[in-house]
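For reference, the chains in residue letters:
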Amino acid sequence: GLLMGEKIYGDKKYGLREIIQNSIDACKLMQEIYYPKFLKTGEEYKPYITIIFDKDDGKVKVRDNGVGMT
């Protein structure tokens, strides 16, 4: 993908590391800002990050349940 380009990070592994770090940050932010609201409703926030290596498609997909992006 666009963010994985070697032109941006110099090496694809650094792009992947940045995307995973973004997911970690999104989950931390979700827990810090929104978790107190979940406590009031009795719901529990359980952060998750999923990394999918799709060899057939030649893609790596990173998904999380953090705050998301606009």
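Residues numbered from 1 in each chain as written. Predicted model: local features only at pLDDT ≥ 70, side-chain atom pairs only at ≥ 80, totals over all residues. Heavy atoms only, no water.

### Examining the overall build of the protein chain
Selection rule: Going along the chain from the N terminus, every DSSP run of H or I of four or more residues is numbered as a helix, and every run of E of two or more is numbered as a strand. Throughout this description, buried means an accessible area under 20% of the type-specific maximum (1.4 Å probe, protein chains only), exposed means over 50%, and partly exposed covers the range between. Residues are treated as being in contact if the distance between any of their heavy atoms lies within 4.5 Å. Working definition of accessibility: Shrake-Rupley area with a 1.4 Å probe, residue cover restricted to the visible protein chains.
Of the regular secondary structure elements, the protein chain holds three helices and two strands. Along the protein chain, from the amino end to the carboxyl end, the secondary structure elements read α-α-α-β-β. In the protein chain, which comprises 70 residues, the share counted as buried stands at 14%. Taking as baseline every contact in the protein chain between residues at least 6 positions apart, the subset at least 24 positions apart corresponds to 33%. Surface exposure of the protein chain reaches about 5800 Å², of which carbon and sulfur atoms provide 53%.

### Some remarks on the pairing of strand β1 (residues 49-54)
Selection rule: If DSSP finds at least two bridges between two strands, the strands pair.
With six bridges connecting them, β1 and strand β2 (residues 59-64) associate as antiparallel partners. Opposite isoleucine 52, over in β2, you have lysine 61 as the bridge partner. In sequence, β1 turns back onto β2 through a hairpin of four residues, with glycine 58 there showing a positive phi of about 70 degrees.

### Overview of the environment of lysine 61
Mapped onto the elements of the fold, lysine 61 is located in strand β2. Lysine 61 gets classed as partly exposed once you look at its relative accessible area, which sits at 30%. As for lysine 61 and isoleucine 20, which are separated by 41 residues in sequence, their C-alpha atoms are 9.9 Å apart. Not counting the four nearest positions on each side in its chain, lysine 61 is found in contact with Thr50, Ile51, Ile52 and Asp54.

### Here's the deal with a nonpolar patch on the surface
Note the threshold: Patch criteria: residues need more than 30% relative accessible area and no salt bridge. Like-charged residues are merged within 9 Å; nonpolar side chains of Val, Leu, Ile, Met, Phe, Trp and Tyr are merged within 5 Å. Criterion for a salt bridge: a side-chain nitrogen of Lys or Arg within 4 Å of a carboxyl oxygen of Asp or Glu.
Taken together, the side chains of Leu29, Ile33, Tyr34 and Val67 make up a nonpolar region of the molecular surface, amounting to roughly 300 Å² of accessible area. Considering the arrangement of structural elements, one finds leucine 29 in helix α2 (residues 12-33). Of the residues examined, leucine 29 reaches a relative accessible area of 37% and is grouped as partly exposed.

### Quick word on the side chain of serine 23
For clarity, the cut-off: As used in this structure description, the phrase polar contact means that two N or O atoms lie within 3.5 Å; if the pair is within protein, one of them must be able to donate a hydrogen and the other to accept it, and residues adjacent in sequence are counted only when both atoms belong to side chains.
With respect to the element layout, serine 23 can be found in helix α2. A distance of 2.7 Å separates polar atoms of two side chains, one belonging to serine 23 and the other to aspartate 64.

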